[in-house]
Amino acid sequence: MIKTFSRILLIFILAFLTACDHKPVAYHEQLLVFGTVVDVKLWDVEETLGRQAVTRLADDFDYMHNAWHAWHPGPLGRVNQLLASGESFTLPPSILPLIQRSSELSQRSNGLFNPAIGKLTALWGFASDDPPKGPPPSTEAIRAILDQQPGMEDIRLNGLTMQTTNPALKLDFGAFAKGYAVDRAIDVLRELGIDNAVVNAGGDLRAIGRHGDRPWRVGIRHPREAGILASVEVEGDESIFTSGDYERYFDWQGTRYDHIIDPRSGYPAQGLSSVTVFARQADLADAAATALFVAGPDEKDWLPIARAMGVSGVMLVNDDGRVQLTPGIRERIYFIPPAENEQTNLEIRISAAL
Amino acid sequence: MNGVKLSRGDAVVWLLTATLLMSLYMMFWQADGHGAEAVVLVNGKRWARLDLFQNQDLDVPGPLGHSHIQVRDGQVRFVNSPCPNQLCVHTGWLSQGGEVAICLPNRVSLQILGSDPRFDAINF
Amino acid sequence: MTRTLQTTRDDYLIAGFAALAITIHIAESALPSPLPGIKPGLANVVTLVVLCRYGWRMAAWVSLLRVLVGSILIGTFLSPTFFLSAAGALASVAMLGLLFALSRALPGWAVGPMGYGVAAALAHMSGQFWVAYAVFVPHSGLLTLYPLLMTLATVLGIVSGLLTHTILARLNSAPSNGNPV
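Residues numbered from 1 in each chain as written. Chains lettered and ligands numbered in written order. Predicted model: local features only at pLDDT ≥ 70, side-chain atom pairs only at ≥ 80, totals over all residues. Heavy atoms only, no water.

Undergrad: What exactly am I supposed to notice about helix α6 (residues 139–146) of chain A here?
TA: At 3.6 residues per turn, the α-helix brings residues three or four places apart onto the same side. Residue and element names in this part refer to chain A. For α6, the complete set of buried residues consists of Ile142, Ile145 and Leu146. Buried residues in α6, looked at end-on, bunch into an arc of 100°, giving them a common side. Those residues of α6 that are buried are in contact with α5 (118–123). (Buried < 20%, exposed > 50% of the residue type's maximum accessible area, 1.4 Å probe, protein only. Helix = DSSP H or I, 4+ residues; strand = E, 2+ residues; numbered from the N terminus. Arc of directions from axis to C-beta. Contact = heavy atoms within 4.5 Å.)

Printed below as a string of structure tokens:
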């Protein structure tokens, strides 16, 4: 009896040792689309299906990039020209869902996420293929746009007929289109029967399912140094978006001007170096990351916005390096020590619950 | 230490140990390595796979012209590229797994292969 | 009212061997180590000798007593170090129990000091490593170290097997006062 048992045990041990051969593999491809690198990782997918899916995503991303580009000629460019005329016109259907969804998110953010301030973004030099250089625009020029308070509520939409009475309104979906595109990519993958995937558009990502027997592992970049600040595991369906002052900026006479413009002041938002938002939908996470960056480092300011927008978690890095976290995220995140044998001297504060 | 004899049982244990060690190295060291390989993509298609410990210089043709890529002692970088902003050149040397340099205008990208097993994606 | 505690000869043997193991354990912990948590594991030799001469039950006592009393004496009781060595000791005692039972069931395939030494060292290292990984530093970068640590454990296991073999040979040539298994 014992003899048989021990033989069976031996066989089990041997079987376990040899079982590691047939691992399902990740299908991984990089796309140079949407003005960035889009990294698509699929788990346990046949290569033919993986290839088919990625080709389809590449086409979709190209289409969306052209349709929604804020300063290249294309459908959105045309819409902006027509908006400036003040007349009513027929909206290209590809733009409609973007306007509807971003209006809703803009309202929920109390106007801190505001895609109608394209004129301000352009005035600061961030709506250009060239890196922004400065100098910062004059107070008068900023005032001129700010006084007319362009916002999504100035848009009159009736079916596909659109009009605005605000001549300062210009659409720029920079803080939103990427998230929206990632959501559409996930829809496409699900349609193709792919349930385990990460779509990472230049760092802003949505993950569904798992990486086989473990969750997906995501590293969050350090806003000030090279390398990774923290890691977090993601499974099921979740998006993680980070907005940082290091993405696009210029330095002018000792001051850093970043690309996230506060629609209330007309100047780049101050006080934070990065905002990471966790939410189910990528477009919500994208818009919320911008809105919270604008809201600033004070919990009294950002927490109500985070609540109103319905995000599931927030991590803020103040520009002095202090970290603020919502309680749910504290339990999930692991801060990576800067080097071996070195204490992490991160100052971490847990905010009130969302 | 004379007369050390391995019994049959000992031999089985040692055999299992050897198998275990081999599979451990395979499981934990296989995919990650030390960032020993990089891949060059042109227009999203694989153009070359580089051994980072074989020093070489490559001219990668893109739509704007040739991007010059250099491999030296486990590192790789863009030396020059026909793009206006030179972001790819300013990225500098890459050596860690998962690191990327891209010349978007010339559609050339450079990435160190999957050697960072810690992360499936980097949020930046 | 006094109560007499029944002590058996086994109890004295366990106490004696545990004392020896604890002495070695403390001596080892005073040695400088190139890597934290890496020790030659000479105290395990005592466990192995006891296992080969007196059986698993007594070896388990010696090993667990060593960890418990040793940590109290060094002052690491209930500290992370203690949990790590307890995990290692439990894992290696369990592994030895398995091999011991198998050896009894299949006498033709009985394991000797060389097999016990390696298996105990591997189990000890695994126990420590996974507790360290799961509880103290859940960083997957640590996993890269695991195969290296296991290789090191194999080498140390062979050394402790050889020592055990030598000690057993000497003990067997001297008059025995125990019951060889």
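Having put the structure on the table, let's press on.
Undergrad: In this structure, what is going on with the interface of chain B and chain C? I would like to understand it.
TA: Interface size is commonly expressed as the accessible area that is lost once the parts come together. If you look at the interface, chain B gives 22 residues, while chain C gives 30 residues. In total, about 2,000 Å² of surface goes out of reach between chain B and chain C, with carbon and sulfur atoms giving 73% of it. Across the contact surface, chain B and chain C share zero salt bridges. The interface formed by chain B and chain C holds eight residue pairs in polar contact (both at pLDDT 80 or more) in total. (Buried area = accessible area lost by both parts, 1.4 Å probe. Salt bridge = Lys/Arg side-chain N within 4 Å of Asp/Glu carboxyl O. Polar contact = N/O pair within 3.5 Å; in protein donor to acceptor, adjacent residues only side chain to side chain.)

Undergrad: What's the story with the sheet that holds strand β5 (residues 161–164) of chain A in this structure? I'm lost.
TA: Within a beta sheet, neighbouring strands are joined by backbone hydrogen bonds and run either parallel or antiparallel to one another. All names here are of chain A. Spatial strand order, β3-β5-β4: three strands in an open sheet with antiparallel pairing. Every other strand in the sheet has two partners, leaving β3 (89–90) and β4 (155–158) as the edge strands with one partner each. Pairing geometry for β3 and β5, over two bridges, is antiparallel. Each residue of the ladder has a partner; that of Phe89, found in β5, is Met162. (Pairing = 2+ DSSP bridges.)

Undergrad: Sorry, what's going on with the sheet that holds strand β16 (residues 333–335) of chain A here?
TA: Judged by pairing direction, the sheet is mixed, and its four strands sit side by side in the order β16(A)-β9(A)-β8(A)-β8(B) without closing on themselves. Both outer strands of the open sheet, β16 of chain A together with β8 (121–123) of chain B, are each paired with one neighbouring strand and no more. If you compare each strand with its neighbour and ignore which way they point, the axes differ by 25° on average. Taken together, the three bridges between strand β9 (residues 228–234) of chain A and β16 of chain A define a ladder with antiparallel strand orientation. The residue bridging Ala230 of chain A from the neighbouring strand is Phe335 of chain A, located in β16 of chain A. (Axes fitted to C-alpha atoms, helices over the stretch in contact; angles between N-to-C directions.)

Undergrad: So what exactly am I meant to see when it comes to the side chain of Ser103 of chain C here?
TA: Residues and elements named next belong to chain C. Mapped onto the secondary structure, Ser103 falls in helix α4 (residues 80–105). With a relative accessible area of 10%, Ser103 lands in the buried category. Only 3.0 Å separates the side chain of Ser103 from the backbone nitrogen of Val111, close enough to count as a polar contact. When near neighbours in sequence (up to four residues on either side) are disregarded, Ser103 contacts Ala110, Val111 and Tyr116.

Undergrad: Please clarify how unusual backbone geometry should be interpreted in this entry.
TA: For residues besides glycine, phi is generally negative; the peptide bonds are generally trans as well. Residue and element names in this part refer to chain A. Despite not being glycine, Asn110 shows a phi value in the positive range, around 60°. Of note in this structure, Gln253 is not a glycine but carries a positive phi near 50°. Note that Gln253 resides in the loop between β11 (249–252) and β12 (255–258). Overall, the relative accessible area of 72% leaves Gln253 in the exposed class.

Undergrad: Please clarify how the pattern of salt bridges should be interpreted in this entry.
TA: Where side chains of opposite charge bring their charged atoms close, a pairing between them can arise. All names here are of chain A. Within the structure shown, the criterion is met by 24 salt bridges over all chains. The closest approach of N and O atoms between Glu47 and Arg51, which form a salt bridge, is 2.6 Å. Here Glu47 and its partner Arg51 are both found in helix α2 (residues 47–68), four residues apart, which amounts to about one turn of the helix. Overall, the relative accessible area of 47% leaves Glu47 in the partly exposed class. A residue is classified by how much of its surface remains accessible, and Arg51, at 45% relative accessible area, is partly exposed. Asp320 is the partner of Arg322 in a salt bridge, and the nearest nitrogen-oxygen pair spans 3.1 Å. According to the relative accessible area criterion, Asp320 is partly exposed, its value standing at 49%. Residues joined in a network through salt bridges with shared partners are Asp183, Arg190, Arg206, Asp237 and Arg280.

Bear in mind that shape data such as this cannot, by itself, settle questions of function.
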